[in-house]
Amino acid sequence: MVTAIFPAAGQSRRMKISSNKNFLELDGIPVLIRTLQKFSQSKKIDNLIIAAAGDEIETVKNLLKKFSDLKPFKIVAGGSERQYSIANALKEIADDCEIILVHDAARPLISVKVIDEVIDAAKIYGGAIAAVPEKNTIKIVDENNFVVDTPDRSKLVAVQTPQGFQRKILIDAYEKAAQDKFLGTDDSSLVERLGYKVKIILSNYRNIKITTPEDILAAKALLKADG
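Sequence order as written defines the numbering, with residues in each chain counted from 1. With pLDDT at 70 or above as the cut-off, local features in this predicted model cover only qualifying residues; side-chain atom pairs require 80 or more to be listed or tallied, and sums for whole chains, interfaces and linings still use all residues. Values shown for side chains rest on all heavy atoms present in the structure; no hydrogens or waters enter the calculation.

Draft legend 1. Inspection of the pairing of strand E1 (residues 2-8) at higher detail. In terms of burial, E1 is largely enclosed, as 7 of its 7 residues are buried. A two-sided burial pattern is seen for E1, the buried positions comprising Val 2, Ala 4, Phe 6 and Ala 8 on one face and Thr 3, Ile 5 and Pro 7 on the other. We call two strands paired when DSSP finds no fewer than two bridges between them. Only runs of H or I of at least four residues qualify as helices and only runs of E of at least two qualify as strands under DSSP, and these elements are numbered from the N terminus. Here E1 runs beside strand E6 (residues 99-102); their pairing, made up of 4 bridges, is parallel. Paired with Val 2 across the bridge in E6 is Ile 99. With 6 bridges connecting them, E1 and strand E4 (residues 47-52) associate as parallel partners. Its bridge partner lying in E4, Ile 5 is registered against Ile 49. Any residue under 20% of the maximum accessible area for its type is buried, any over 50% is exposed, and the rest in between are partly exposed; the area is computed with a 1.4 Å probe on protein chains only.

Next up, the structure:
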């Protein structure tokens, strides 16, 4: 069994709106729903878990009821940080679940192909994450904003989601992070600190995360290009 978790409890500060960015519509369909629909199209996905803000659980529940093309889902209360939201969702994982995927609810343009490839790789390697080659030159700076190093761009990737892991690996990583009071930047960082290797699955640059108003414009343009 494969379960996909979607942290959707963010406060959307950078979007400069008062409501949750996941409720914004792209061509008449909320961002969250577009994301869930894409995962529901994968034959490898069995069920979905959405971590929503406590005061938005009923809103999310009523929204999801309007769409009949979604895989079976649960809604759980999110936390103050993304990591805490996912930790809450992990408590709802069935014992027979083999692979757990975590995907940003605000990445609605993910492809089914990438979803399936991450699942397949996680089964083989234990962990796999979607990423794209870094297009920009990256600089490492000191505390005074002076450049101290320029990493080789050919060895850099920009990490996306989904990130997929064998059930025990991800749960162990979250339990260890809680014990150590470690707050990671993504799920892979929690797994990496336990010594596991994580496989990179090449994604595409369309898989953008809706974070700023410009991202909404970009997503709409990409959807328009698709016809």
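Picking up after the structure, the text goes on.
Draft legend 2. View of the side chain of Thr 3. Mapped onto the elements, Thr 3 comes out in strand E1. A residue is classified by how much of its surface remains accessible, and Thr 3, at 1% relative accessible area, is buried. Here a polar contact is recorded for every N or O atom pair within 3.5 Å, except that within protein the pair must consist of a potential hydrogen donor and a potential acceptor, and residues adjacent in sequence are included only if both atoms are side-chain atoms. A distance of 2.6 Å separates the side chain of Thr 3 from the side chain of Asn 47, its partner in a polar contact.

Draft legend 3. Region of interest: the pattern of salt bridges. Take a side-chain nitrogen of Lys or Arg and a carboxyl oxygen of Asp or Glu: if they are within 4 Å of each other, that pair is a salt bridge. A complete count under the given rule lists 12 salt bridges for this structure. Between Arg 206 and Asp 226 there is a salt bridge, with the nearest N and O atoms lying 2.6 Å from each other. Linking Arg 206 in the loop between strand E11 (199-202) and helix H7 (213-225) with Asp 226 in the segment after H7, this pair joins segments that are 20 residues apart in sequence. By relative accessible area, which is 28% here, Arg 206 ends up partly exposed.

Draft legend 4. Region of the structure containing the packing of helix H1 (residues 31-40) against helix H2 (residues 57-64). Every angle, taken between N-to-C directions, lies between 0 and 180 degrees, and every axis is a line fitted to C-alpha atoms, over only the stretch in contact when it is a helix. Packing of H1 against H2 leaves a shortest axis separation of 11 Å and a crossing angle of 55°. The pairing of H1 with H2 is recorded here as oblique in orientation. For the element pair H1 and H2, the recorded crossing hand is right-handed. When H1 is examined against H2, the residues Leu 32, Ile 33 and Leu 36 are found in contact with a partner set consisting of Val 60, Leu 63 and Leu 64. In this classification, the charged set is Asp, Glu, Lys and Arg, the nonpolar set is Ala, Val, Leu, Ile, Met, Phe, Trp, Tyr, Cys and Pro, and all remaining amino acids, among them Gly, are polar. Its residues placed into classes, the contact of H1 with H2 shows 6 nonpolar, no polar and no charged. Roughly parallel means an angle under 35 degrees; roughly antiparallel means over 145; roughly perpendicular covers 65 to 115; every other angle is labelled oblique. It is the rotation of the near helix from the far one that decides the hand of a crossing: anticlockwise by less than a right angle makes it left-handed, clockwise makes it right-handed. The contact rule is simple, with two residues in contact once any of their heavy atoms fall within 4.5 Å.

Draft legend 5. Structural detail: the pairing of strand E10 (residues 157-166). Bridging between E6 and E10 involves 4 bridges; their strand directions are antiparallel. Bridge pairing links Val 102 to Gln 163 in E10. In terms of strand pairing, strand E7 (residues 127-133) meets E10 through 6 bridges, oriented antiparallel. Its bridge partner lying in E10, Ala 131 is registered against Val 159.

Draft legend 6. Region of the structure containing the packing of aromatic side chains. Each pair of aromatic rings taken from Phe, Tyr and Trp, with Trp reduced to its six-membered ring, is defined by centres within 6.5 Å and is described as stacked if the planes are under 30 degrees apart, edge-to-face if over 60, and tilted in the remaining cases. Per the stated rule, a full pass over the model turns up 1 aromatic pair. Ring centres of Phe 6 and Phe 39 lie 4.9 Å apart, and the angle between their planes is 90°; this geometry places the pair in the edge-to-face category. Here Phe 6, found in strand E1, pairs with Phe 39, found in helix H1; they are 33 residues apart in sequence, far enough to count as distant. Of the two residues, Phe 6 and Phe 39, both sit in the buried class. A positively charged side chain is recorded as over a ring if its NZ (Lys) or CZ (Arg) lies within 6 Å of the ring centre. The angle to the ring normal must also be within 35 degrees. It is Arg 193 that lies over the ring of Phe 182; its NZ or CZ is 4.2 Å from the centre.

Draft legend 7. Fine view of the sheet that holds E1. What the 7 strands build is an open sheet, ordered E5-E4-E1-E6-E10-E7-E11; its pairing is mixed. Because the sheet does not close on itself, it has two edges, and the strands there are strand E5 (73-77) and E11. Shown here is a sheet whose adjacent strand axes are inclined to one another by a mean of 25°, direction ignored. Lying on the sheet, H2 is in contact with E4 and E5; it crosses E5 at an angle near 165°.

Any functional reading would require information beyond the geometric quantities listed.
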